[in-house]
Amino acid sequence: MAASAPRAAKEPRKGGDVGPGAGTALVTRTRPQTRKPNMYRVLLLNDDYTTQEFVVIVLRKYFNKSVEEATRIMLHVHNHGVGECGVYTYEVAETKVTQVMDFARKHQHPLQCIMEKK
Ligand code: TYC
């Protein structure tokens, strides 16, 4: 009986219980028993229409940033085109992206939020 944790279907698999290396743990351990999860950056993209105030609200509401940190990140995105809101496991990052995109759409802002593998 496989004892691996549930994994999001969309996240690319690595290793696992089929293919080369499957079922050999008793003979030769080829991997540590615990593996660090893949981590994903959640990024905000700049645009000309979303207000600076709205971006600060997003960073406070969904990324738990202080006013000062949220303002710093917002200005970084404004000046450089893209900026990091946080780094999360796949499912958490995916949830944050969906929440931000839904919130932006609801308030009729074109703000874009994406994730990328670290
Ligand atoms: N460039 C926007 C403005 O000047 C502000 C902005 C910042 C928009 C960050 C999006 O992710 C963003 N109103």
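In the annotation of an unreviewed UniProt entry, the entry for the protein reads ATP-dependent Clp protease adapter protein ClpS, and the organism field reads Methylocystis hirsuta. Per UniProt, the comment on the protein under Sequence similarities (unreviewed entry) is "Belongs to the ClpS family."

(A) Just the sheet that holds strand S2 (residues 82-89), in detail. Taken in spatial order, the three strands of this open sheet run S2-S1-S3, and their pairing is antiparallel. Because the sheet does not close on itself, it has two edges, and the strands there are S2 and strand S3 (112-117). Sheet twist, expressed as the average angle between the axes of neighbouring strands with direction ignored, equals 30°. The sheet contact formed by strand S1 (residues 39-45) and S3 spans six bridges and is antiparallel. Note that in S3 the partner of Leu-44 across the bridge is Cys-113. Lying on the sheet, helix H2 (residues 67-80) is in contact with S1 and S2; it crosses S2 at an angle near 125°. Packing against the sheet, helix H3 (residues 90-106) makes contact with S1, S2 and S3, and its axis sits at approximately 165° to S3.

(B) Expanded view of the pattern of salt bridges. For the structure on display, the rule yields four salt bridges. For Glu-84, the salt bridge goes to Arg-41, with nearest N and O atoms at 3.0 Å. With a gap of 43 residues between them, Glu-84 in strand S2 and Arg-41 in strand S1 connect regions that are remote in the sequence. Of the residues examined, Glu-84 reaches a relative accessible area of 37% and is grouped as partly exposed. What makes Arg-41 partly exposed here is its relative accessible area of 24%. Across the pair Arg-41 and Glu-116 runs a salt bridge, and its minimum N-O distance is 2.9 Å. On the criterion of sequence distance, the pair formed by Arg-41 in strand S1 and Glu-116 in strand S3 is long-range, its members being 75 residues apart. A single network of salt bridges, built from pairs that share partners, joins Arg-41, Glu-84 and Glu-116.

(C) Structural detail: the side chain of Lys-96. Turning to its location among the elements, Lys-96 is positioned in helix H3. Buried within the structure, Lys-96 lacks any salt-bridge partner; Glu-91 is the closest side chain of opposite charge, at an N-O distance of 13 Å. Ignoring anything within four residues of it in the chain, the contact list for Lys-96 reads Tyr-62, Phe-63 and Tyr-88.

(D) Molecular detail of the packing of helix H1 (residues 52-63) against H2. Contact geometry of H1 with H2 gives a least axis separation of 9 Å together with a crossing angle of 125°. In this view, H1 runs oblique relative to H2, as classed from their interaxial angle. Along this stretch, H1 crosses H2, giving a crossing that reads as right-handed. Residue-level contacts link Gln-52, Val-55, Val-56, Leu-59 and Arg-60 of H1 to Val-67, Ala-70, Thr-71, Ile-73, Met-74, Leu-75 and His-78 of H2. When grouped by side-chain class, the residues that make up the contact of H1 with H2 number eight nonpolar, three polar and one charged.

Each value, and the rule that gives it
Residues numbered from 1 in each chain as written. Predicted model: local features only at pLDDT ≥ 70, side-chain atom pairs only at ≥ 80, totals over all residues. Heavy atoms only, no water. UniProt positions renumbered as here; feature names shortened; annotations may be inferred. Pairing = 2+ DSSP bridges. Helix = DSSP H or I, 4+ residues; strand = E, 2+ residues; numbered from the N terminus. Axes fitted to C-alpha atoms, helices over the stretch in contact; angles between N-to-C directions. Contact = heavy atoms within 4.5 Å. Salt bridge = Lys/Arg side-chain N within 4 Å of Asp/Glu carboxyl O. Buried < 20%, exposed > 50% of the residue type's maximum accessible area, 1.4 Å probe, protein only. Lys, Arg positive; Asp, Glu negative; His and termini not counted. Parallel < 35°, antiparallel > 145°, perpendicular 65-115°, else oblique. Left-handed = near helix turned anticlockwise from the far one by under 90°. Nonpolar A, V, L, I, M, F, W, Y, C, P; charged D, E, K, R; others polar.

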